[in-house]
Amino acid sequence: MESNVYDYYVIDSHNQQVPIKNFAGKVILIVNTATGCGFTPQYEPLEKMYKDLHDKGLEIIDVPCNQFGGQAPGSDEEIHQFCTLNYDTTFPQMKKSDVNGANELKLYTFLKSQKGFNGFDQDNKLTKVLEEMLSKADPDYAKKSDIKWNFTKFVIDRKGNVVARFEPTADMNKVRKCIEELI
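These numbers were taken from a predicted model, which means no experiment stands behind them.

**Considering the side chain of N100**
Now for step 1: Within the secondary structure, N100 is located in the loop between α2 (76-87) and α3 (106-114).
Now for step 2: A relative accessible area of 10% places N100 in the buried class.
Now for step 3: Here the side chain of N100 touches K112 through a polar contact of 2.9 Å, side chain to side chain.
Now for step 4: Not counting residues within four places of it along the chain, the set of residues in contact with N100 comprises Q67, F68, K112, D146 and I147.

In structure tokens, the structure reads:
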């Protein structure tokens, strides 16, 4: 039997399992984040979207991750404090976790199997930096579904289908438009 997103869970900052099925019937945005990244300012449009659309059925699941340039080095509490103090975030923030590799959350294994990497937004000024860095580390990086960097986003519709993957370079207005179409 093929699994779906509701078969998985994340771990909250109190080490409790949070089943994704708890969000069934809602539009879900799952994003791996970091507090010291060039994309960290995306917390601002994420929080605005959450405040604007939460009552209409949007949930955001924030999964801090330190796998990309060591840009989320703090404890779960330090990361939470940074986000609330600097970006006034109110959406659920989970325990810092891996999204690639041997210890990756099984949720991420599933998400990547549903939506692979389709390239970076060429209009973003950080695209060239990411492409150069990733191609030096692995010339075949673009052929793999792995998460490439902080602030990769997956959109789940109200039926639990993974409908979109947005790389960190994606325009946040495009992310919001996708979500609004599903709300």
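**Quick word on the pattern of salt bridges**
Now for step 1: According to the stated counting rule, one finds 14 salt bridges in the structure shown.
Now for step 2: A salt bridge links E59 to K26, with the shortest nitrogen-to-oxygen separation between them at 3.3 Å. In this pair, E59 is assigned in strand β4 (residues 58-64) and K26 in the loop between β2 (17-19) and β3 (27-33), connecting sequence segments 33 residues apart.
Now for step 3: A relative accessible area of 6% places E59 in the buried class.
Now for step 4: Given the relative accessible area of 29%, K26 is considered partly exposed.
Now for step 5: A salt bridge links K177 to E181; the shortest N-O distance between them is 2.7 Å. You can see K177 and its partner E181 sitting in helix α5 (residues 172-182), four residues apart, about one turn around the helix.
Now for step 6: Among the charged side chains, a network of salt bridges with common partners joins K48, D52, R176 and E180.

**Details of the pairing of strand β5 (residues 153-156)**
Now for step 1: A two-sided burial pattern is seen for β5, the buried positions comprising K153 and V155 on one face and F154 and I156 on the other.
Now for step 2: The pairing of β3 with β5 spans four bridges and is classified as antiparallel. Paired with I28 across the two strands is I156, which belongs to β5.
Now for step 3: Pairing of β5 with strand β6 (residues 162-166), which is carried by four bridges, proceeds in the antiparallel orientation. Bridging from a neighbouring strand, K153 pairs with F166 of β6.
Now for step 4: Hairpin connection, β5 to β6: the antiparallel pair is bridged by five residues, and G160 has positive phi, about 90°.

**Focus: the packing of aromatic side chains**
Geometrically, a pair of aromatic rings is defined through the distance of the ring centres and the angle of the planes.
Now for step 1: The final tally for this structure, using the stated rule, is ten aromatic pairs.
Now for step 2: With 6.4 Å between their ring centres and 20° between their planes, Y43 and F91 make a pair best called stacked. Linking Y43 in helix α1 (residues 43-53) with F91 in the loop between α2 and α3, this pair joins segments that are 48 residues apart in sequence.
Now for step 3: Given the relative accessible area of 0%, Y43 is considered buried.
Now for step 4: Accessibility expressed as a relative area gives 5% for F91, which makes it buried.
Now for step 5: Ring geometry for Y43 and F151: centres 5.4 Å apart, planes at 85°, overall edge-to-face. Placement of Y43 in helix α1 and of F151 in the loop between α4 (127-137) and β5 is noted, with a sequence separation of 108 residues between them.
Now for step 6: By the ring-pair criterion, three or more aromatic residues cluster together here, those being Y43, Y50, F82, Y87, F91 and F151.
Now for step 7: The cationic tip of K148 hangs over the ring face of F117; the distance from NZ or CZ to the ring centre is 4.9 Å.

**Considerations on unusual backbone geometry**
Now for step 1: At N15, a position not held by glycine, the phi torsion is positive, near 65°.
Now for step 2: Topologically, N15 is positioned in the loop between β1 (9-11) and β2.

**Things to note about the sheet that holds β5**
Now for step 1: Taken together, four strands build an open sheet; the order of strands is β4-β3-β5-β6 and the sheet is mixed. Pairing within the sheet leaves two strands with one partner each, and these edge strands are β4 and β6. The sheet shows a mean angle of 15° between the axes of neighbouring strands, taken without regard to direction.
Now for step 2: The sheet contacts of α3 involve β3, β4, β5 and β6, and relative to β3 the element is tilted by about 110°.

Rules used in this analysis
Residues numbered from 1 in each chain as written. Predicted model: local features only at pLDDT ≥ 70, side-chain atom pairs only at ≥ 80, totals over all residues. Heavy atoms only, no water. Helix = DSSP H or I, 4+ residues; strand = E, 2+ residues; numbered from the N terminus. Buried < 20%, exposed > 50% of the residue type's maximum accessible area, 1.4 Å probe, protein only. Polar contact = N/O pair within 3.5 Å; in protein donor to acceptor, adjacent residues only side chain to side chain. Contact = heavy atoms within 4.5 Å. Salt bridge = Lys/Arg side-chain N within 4 Å of Asp/Glu carboxyl O. Pairing = 2+ DSSP bridges. Phe/Tyr/Trp six-rings, centres within 6.5 Å; stacked < 30°, edge-to-face > 60°. Lys NZ or Arg CZ within 6 Å of the ring centre and 35° of its normal. Axes fitted to C-alpha atoms, helices over the stretch in contact; angles between N-to-C directions.

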